[in-house]
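One-letter residues, chain by chain:
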Amino acid sequence: QVQLVESGGGLVQAGGSLRLSCAASGRTFSSYRMGWFRQAPGKEREFVASISGSGGSLYYTDSVKGRFTISRDNAKNTMYLQMNSLKPEDTAVYYCAAGWVYSRDYYAPEKYNYWGQGTQVTVSP
């Protein structure tokens, strides 16, 4: 069993930055693919970014490429999402997820086994 706890959300003006963290329990953190997903009001949960257990394989949705950076520190059992040049359309609840996910399924929320409770990110115009 893995427990995930997100932190770092908040209110920021457009063009600003935030760094989200996802702290994981358990001793097998490095074996999991990790991901960030987000859900805006009235919309489905969507993929944002994913990172392999070793950190060597990264994926991003097109709308955040060049602005967001996903990373992980396996020694600290923590994953991060550095978000720069934030836009109002980035406003959503951001969730971290973990699981034994094939790389071909990195974007599919149903493939992840564990989820955090979410952290709100609000970007004002």
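Read on for an overview of the structure. (Residues numbered from 1 in each chain as written. Predicted model: local features only at pLDDT ≥ 70, side-chain atom pairs only at ≥ 80, totals over all residues. Heavy atoms only, no water.)

## Looking at the pairing of strand S9 (residues 92-99)
Thought 1: Where burial is concerned, most of S9 is hidden: 7 out of the 8 residues are buried.
Thought 2: Across 7 bridges, strand S4 (residues 33-39) lies against S9 in antiparallel orientation. Across the sheet, the residue bridging to Arg38 is Tyr94, located in S9.
Thought 3: Here 2 bridges tie S9 to strand S10 (residues 114-115), and the two strands are oriented antiparallel to one another. Residue pairing across strands places Ala97 opposite Trp115, the latter belonging to S10. (Buried < 20%, exposed > 50% of the residue type's maximum accessible area, 1.4 Å probe, protein only. Helix = DSSP H or I, 4+ residues; strand = E, 2+ residues; numbered from the N terminus. Pairing = 2+ DSSP bridges.)

## Things to note about the sheet that holds strand S8 (residues 78-83)
Thought 1: On the basis of which strands lie adjacent, the open sheet formed by 4 strands has the order S1-S3-S8-S7 and antiparallel pairing. Lying at the two open borders of the sheet, with one neighbouring strand each, are strand S1 (4-7) and strand S7 (68-73). In this sheet, neighbouring strand axes are inclined to one another by 15 degrees on average, regardless of whether the strands run parallel or antiparallel.
Thought 2: One ladder, built from 6 bridges, connects S7 with S8; its direction is antiparallel. For Ser71, the partnering residue across the bridge sits in S8 and is Tyr80. (Axes fitted to C-alpha atoms, helices over the stretch in contact; angles between N-to-C directions.)

Structural measurements only, silent on function.
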